[in-house]
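Structural features, examined
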Amino acid sequence: MNVRQFAAVSLSAAILFGGSFTSASAKGGADEKGYKETYGTSQITRQDMKGMINQHGDDKFTVPSFDASTIKNVESATKTDENGNKIKMDVWDTWPLQNADGTVAEYKGYHIVFGLAGDPKNPNDTFIYMFYKKAGDDSIDAWKNAGRVFDDEDKNKANDKYLKGQVEEWSGSALFTDDGEIRLFYTNRGDFDESKELFGRQTLTTAQVNVSEKGDKDLQVDGIEDHKSIFNGGDGKTYENVEKAFEDRNFNNNHTFRDPHYIEDKGRKYLVFEANTGTEYGYSGEDNLYNRAYYGKSMKFFRDELKNLQNSPKKETAELANGAMGIIEINDDYTFKKEKKPLLVSNTVTDEIERPNIFKKDGKFYLFTSTRGSKMTIDGIDDEDIYMLGYVSNSLDGPFKPMNKTGIVLHQDLDPNDITWTYAHYVIPQEESDKFVVTSYMTNRGYFADHKSTFAPSFLLDIKNKKSSVVKDGTLEQGQITYDGQ
């Protein structure tokens, strides 16, 4: 929040509460009534997150347990290094080729997923690969690897200043267009080198991926076209840009601008993405701690929680926390059109609400996000807690209300050294069933010699308006993305 904006909010708060307002930096701040400003966005509140702790252990929200002895690597996930050695790769964040309504697309009788993969011994080896299988074969062994989507030189051929600085490819989404083309959206991650004023810029990026059938059993990538940057934060007023994030060289600030997810509404095209709030939408800073909108409805809860935060080792992290689910409108040619206000924010709670996944079902918009307890500032949530949160709205613009009262949809509490540890849960609506398929990846990168990060067993989720529950005995095959209701 800039000085002028905070002064305006302070004045409105004083009028609202019938008294004077003291800056958050003043003595005795924990005794203030604070101010309440939503900026027209929906909030992941501290009160909801506290309430979520009481839902831990409920079978409706618990990620199913899996038999570690049955877990397989993605055998086709291999590559050859510069010395001709074969490397078995980790595979983590994946996303299917989807129709505009979110259902899984079928391409010439195949299902396709794009995913991040790389050498387990090199954490910087993070690039997008294309995996495919015949539709109807759900075995993990059915997945074949078409290789990297982009060649090393593709980033230079585009004549795009942001692409030229790309060092890694991060996750996104993929659309099967009405014209029968494959349109990929992903995150271009730039280099981090403070001496060169480079701070890992993240840019929402797109390309058309050309694919053909080779014989009657295989697909191949025939190159890409229309490769271009879309957006990376603009002037920083709506969404934090990388220049603003690191203007004071505070590298404790966890800047995010990634994971573009495509959605259509009323004939218009949009990307929903992970971000942080900008200077005009509740920016980070100590004054953030005094905004009651981030706490919940109870004044008592606000007072007690603020007092706890003042004496908490998590205070600085809470001040910096300004996660957001961002949205922009794009043109028919997939170029930037305009910013829209954030759909959902997590100020004071966490900087990182990842992998937005949004679709419309039965007249309602469902918005899901993955997040980690290790990045949160809530007492009672620890480093081993993993969540998928869910929110529902009658409109793409919101307001988005938490599912299951607090927003909890999935929870897992496992030692990260357990090979059945999962993350990046992704909900897929189905054409032939009212059930929803949840995918994720399993096993942390580089933790084991023999076990690679791999497709986790999928499972079924029931969703009815604001309520959801994990389907009992609904575990599917590793990497399964469709379910026919049988």
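A look at the overall build of the chain
Assigned secondary structure in the chain consists of 6 helices and 27 strands. Computed over its C-alpha atoms, the radius of gyration of the chain comes to 22 Å, within 12% of the 23 Å expected for a compact globule of 486 residues. Relative to its full complement of 486 residues, the chain shows a buried share of 58%. Here the contacts in the chain between residues at least 6 apart in sequence split such that 63% fall between residues at least 24 apart. With 61 positive and 80 negative side-chain charges, the chain shows a spacing of 5 Å between the two charge centroids.

Comments concerning the environment of S173
Assignment of secondary structure puts S173 in strand 8 (residues 166–176). Separated by 86 residues in sequence, S173 and I87 have C-alpha atoms that sit 26 Å apart. When neighbours within four sequence positions are excluded, S173 is seen to be in contact with W95, R183, L184, F185, P260, H261 and Y262. From its side chain, S173 meets the backbone oxygen of P260 in a polar contact 2.9 Å long.

Things to note about the pairing of strand 23 (residues 422–429)
Where burial is concerned, most of strand 23 is hidden: 8 out of the 8 residues are buried. As defined by bridge partners, strand 23 adjoins strand 24 (residues 436–442) across 6 bridges and the pair is classed as antiparallel. The residue of strand 24 that forms the bridge with P429 is F436. If you look at the hairpin formed by strand 23 and strand 24, you'll find 6 residues sitting between the two strands.

Looking at the confidence of the model for the chain
Chain-level statistics for the chain give a pLDDT mean of 92 and a share of 93% at 70 or above. Throughout residues 1–31 the model reports pLDDT below 50, and contacts reaching past four residues in sequence, or to other chains, amount to 46 contacts.

Quick look at the side chain of N253
With respect to the helices and strands, N253 occurs in the loop between helix 4 (242–245) and strand 14 (258–265). Judged by relative accessible area, N253 falls into the buried class, the value being 5%.

Cut-offs and rules
- Residues numbered from 1 in each chain as written.
- Predicted model: local features only at pLDDT ≥ 70, side-chain atom pairs only at ≥ 80, totals over all residues.
- Heavy atoms only, no water.
- Helix = DSSP H or I, 4+ residues; strand = E, 2+ residues; numbered from the N terminus.
- Rg over C-alpha atoms; globule rule 2.2 N^0.38 Å.
- Buried < 20%, exposed > 50% of the residue type's maximum accessible area, 1.4 Å probe, protein only.
- Contact = heavy atoms within 4.5 Å.
- Lys, Arg positive; Asp, Glu negative; His and termini not counted.
- Charge placed at Lys NZ, Arg CZ, Asp CG, Glu CD.
- Polar contact = N/O pair within 3.5 Å; in protein donor to acceptor, adjacent residues only side chain to side chain.
- Pairing = 2+ DSSP bridges.
- pLDDT = per-residue confidence, 0-100.

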